[in-house]
Amino acid sequence: KNHFPVLEVTEYIKSFVNKEGQVNLTVENYLSSLKRFYEWLDTQGINFEDISVLILKRYLNHLHKLGLKKTTKYAYYAVVVRFVEWNTGVAEQERIFGKSSRKSNRFGGILKGIKGPKELSALKDTLPNTEKNKPDFLYAGDVEKIRKWIINTFEDELDFPYQTLYKTIYEILINTGVRKGELLSLRIDCLSRRKIQKPDGSEVLTYFLKIEEQKEFTYEEARKLGLFLKTGEREIPITNKLAKLILEWKALRPIEAEYDFLLCNIHPDRYGKVFSQYALKHFFSLMNNAEYGAETEKRTYPHIMRHTFATELAKDLPLDVVQRLLGHASVETTTVYVHLDGS
């Protein structure tokens, strides 16, 4: 319907779905970008099989006219280019239509307008130039301001240990660089410890924070609550101080908590419910409030904590180590943090 190539899109997306069959946010973004493209094709009366370099240039011009940010425009268009490139592969066409299909016997598969490597090369040349935005991060003064603000603003009262809850959330974010969805998905047993051998041969007992997939919710439920891991499971070494804080929160965590997540809501109206992305957003809204917030120089949000953590790591550790701790799929993503502090 509406020239949307369901079969090709379905096969293409399968390569991004994880082994448990779960769809992640990257796939959702890809689908959204492709849907935007095919809606435009429909308004132009263009069939999918007739896609050509010229048509793609017309689509890029359409994105220019929308006045989108350079990075947004690049993201929308790059997905389309990758999808079209995927459709030119003979192996992919054989998987879709079968080895006996005549459609897989020529370069470009079912795409009539992409007839050879020359057209494919020209297609890549249409990608708009874009500079990677340097990620923003907090200075040491703001990091300490937030700590003091939490202590001065919240208290632990009876069944409502807000101070310990918010201290735990903040310290996990600033000391581990976990993403928002990874924070919300932490299990009650997310702490582990084992002996690690130091370069001098001695051993030290080290705590680790375990990042694990959530299983309790459907895709739609997880999406609504924000319980997503972007690049899979991993362990992050943490300090004894952070481990102690997490244990303190666990001792105060309501026994009424419905699920085995580390965090849970303690608001009277949602006591014991899942601590969702909306509850996290409320915490940061308080932090950014002009009248009674932390009065930081920069607006704070979960991902700026990740950038701050990564910037500090990149000063002293090899990039492959930083990549592993951050859960980056590619080391290229990690390179943006090198010399970010101006040193």
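Refer to the preceding data block for the structure.
Conventions and cut-offs
- Throughout this document, residue positions are counted from 1 along each chain, in the order its sequence is written.
- Reporting of local features is limited, given that this is a predicted model, to residues whose pLDDT is at least 70; pairs of side-chain atoms are given and counted only at 80 or more, and all residues count toward the totals for whole chains, interfaces and linings.
- Excluded from the side-chain calculations are hydrogens and water; all other atoms, namely the structure's heavy atoms, are used.
- Stacked, edge-to-face and tilted labels apply to pairs of Phe, Tyr and Trp rings (six-membered ring for Trp) whose centres lie within 6.5 Å, assigned for plane angles under 30 degrees, over 60, and everything in between, in that order.
- Note on conventions: DSSP H or I runs of at least 4 residues are helices, E runs of at least 2 residues are strands, and numbering of each starts at the N terminus.
- Any carboxyl oxygen of Asp or Glu within 4 Å of a side-chain nitrogen of Lys or Arg constitutes a salt bridge here.
- Only protein chains enter the accessibility calculation, which uses a 1.4 Å probe; a residue is then buried when its area is under 20% of its type maximum, exposed when over 50%, and partly exposed in between.
- In this analysis a 1.4 Å probe is tested at points of a 1 Å grid over the protein atoms alone, and where it fits but cannot get out there is a cavity; an open set with protein on both sides within 12 Å along at least five of seven lines is a pocket; lining residues have an atom within 4 Å of a point.
- Grid points are joined across faces, edges and corners, and a volume is the space filled by probe spheres set on the points.
- Amino acids outside the nonpolar list (Ala, Val, Leu, Ile, Met, Phe, Trp, Tyr, Cys, Pro) and the charged list (Asp, Glu, Lys, Arg) are all regarded as polar, and Gly is one of them.
- We call two residues contacting when some pair of their heavy atoms lies within 4.5 Å.
- Under the rule applied, a polar contact is a pair of N or O atoms within 3.5 Å (in protein, one hydrogen donor and one hydrogen acceptor; residues adjacent in sequence only if both atoms are side-chain atoms).
- Definition used in this section: a nonpolar core is a set of buried Ala, Val, Leu, Ile, Met, Phe, Trp, Tyr and Cys residues joined via side-chain atoms within 4.5 Å.
- Each helix should span, by expectation, one fewer than its residue count multiplied by 1.5 Å.

Caption draft 1: Structural view of the packing of aromatic side chains. Tallying each qualifying case throughout the model produces 17 aromatic pairs. When the centroid spacing of 6.4 Å and the interplanar angle of 20° are considered together, the rings of Phe 37 and Trp 40 count as stacked. Remark: Trp 40 and Phe 37 occur in helix H2 (residues 25-44); sequence separation between them is 3 residues, near one turn of the helix. Ring plane angle 70° and centroid distance 4.8 Å describe the contact between Phe 37 and Tyr 59, whose orientation is recorded as edge-to-face.

Caption draft 2: Structural view of the pattern of salt bridges. Counted by the stated rule, this structure contains 9 salt bridges. Between Glu 144 and Arg 147 there is a salt bridge, and its shortest N-O distance comes to 2.5 Å. Of the two residues, Glu 144 and Arg 147 both sit in helix H7 (residues 140-153), 3 residues apart, roughly one turn of that helix. With a shortest N-O distance of 2.9 Å, Glu 235 and Arg 194 are connected by a salt bridge. In this pair, Glu 235 sits in strand S5 (residues 234-238) while Arg 194 sits in strand S3 (residues 191-197), placing the two residues 41 residues apart along the sequence. The class of Arg 194 is partly exposed, set by a relative accessible area of 38%. Linked by salt bridges that have partners in common, Glu 144, Arg 147 and Glu 171 make up one network.

Caption draft 3: Expanded view of empty space enclosed by the protein. Tallying each qualifying case throughout the model produces 1 cavity of 30 Å³ or more. In terms of lining, the largest cavity is formed by Arg 253, Ala 257, Glu 258, Tyr 259, Phe 261, Leu 263, Cys 264, Gly 272, Lys 273 and Val 274. For the lining of the largest cavity, the per-class residue count stands at 6 nonpolar, 1 polar and 3 charged.

Caption draft 4: Quick peek at the side chain of Thr 300. Counting through the fold element by element, Thr 300 comes out in the loop between helix H12 (277-288) and helix H13 (302-316). When its relative accessible area of 0% is taken as the criterion, Thr 300 is described as buried. Not counting residues within four places of it along the chain, the set of residues in contact with Thr 300 comprises Leu 138, Ile 146, Phe 284, Met 287, Asn 288 and Met 305.

Caption draft 5: How the structure looks around the side chain of Thr 176. Position of Thr 176 among the secondary structure elements: in helix H8 (residues 162-176). Under the relative-accessibility criterion, Thr 176 is labelled buried at 0%. Side-chain polar atoms of Thr 176 contact the backbone oxygen of Ile 172, separated by 2.5 Å. Residues contacting Thr 176, with those up to four places away along its chain left out, are Glu 171, Leu 209, Ile 236, Ile 238, Leu 242 and Phe 309.

Caption draft 6: Highlighting the nonpolar core. Core analysis: the largest hydrophobic core is formed by 57 residues, its most contacted members being Ile 169, Leu 209, Phe 283 and Met 305. Every residue in contact with Met 305, bar those within four places of it in the chain, is listed here: Leu 138, Ile 146, Tyr 170, Leu 173, Ile 174, Phe 284, Met 287 and Thr 300. Counting residues in hydrophobic clusters, the runner-up holds 28 residues, among them Val 9, Leu 56, Val 79 and Phe 83.

Caption draft 7: The arrangement of H12 in detail. Counted at 1.5 Å a residue, the expected span for H12 with its 12 residues is 16 Å, and the 16 Å between its end C-alpha atoms agrees. For H12, every residue scored as buried is listed here: Gln 277, Ala 279, Leu 280, Phe 283, Phe 284, Leu 286 and Met 287. Here the buried face of H12 lies against H7, H8, helix H9 (180-184), helix H10 (219-225) and H13.

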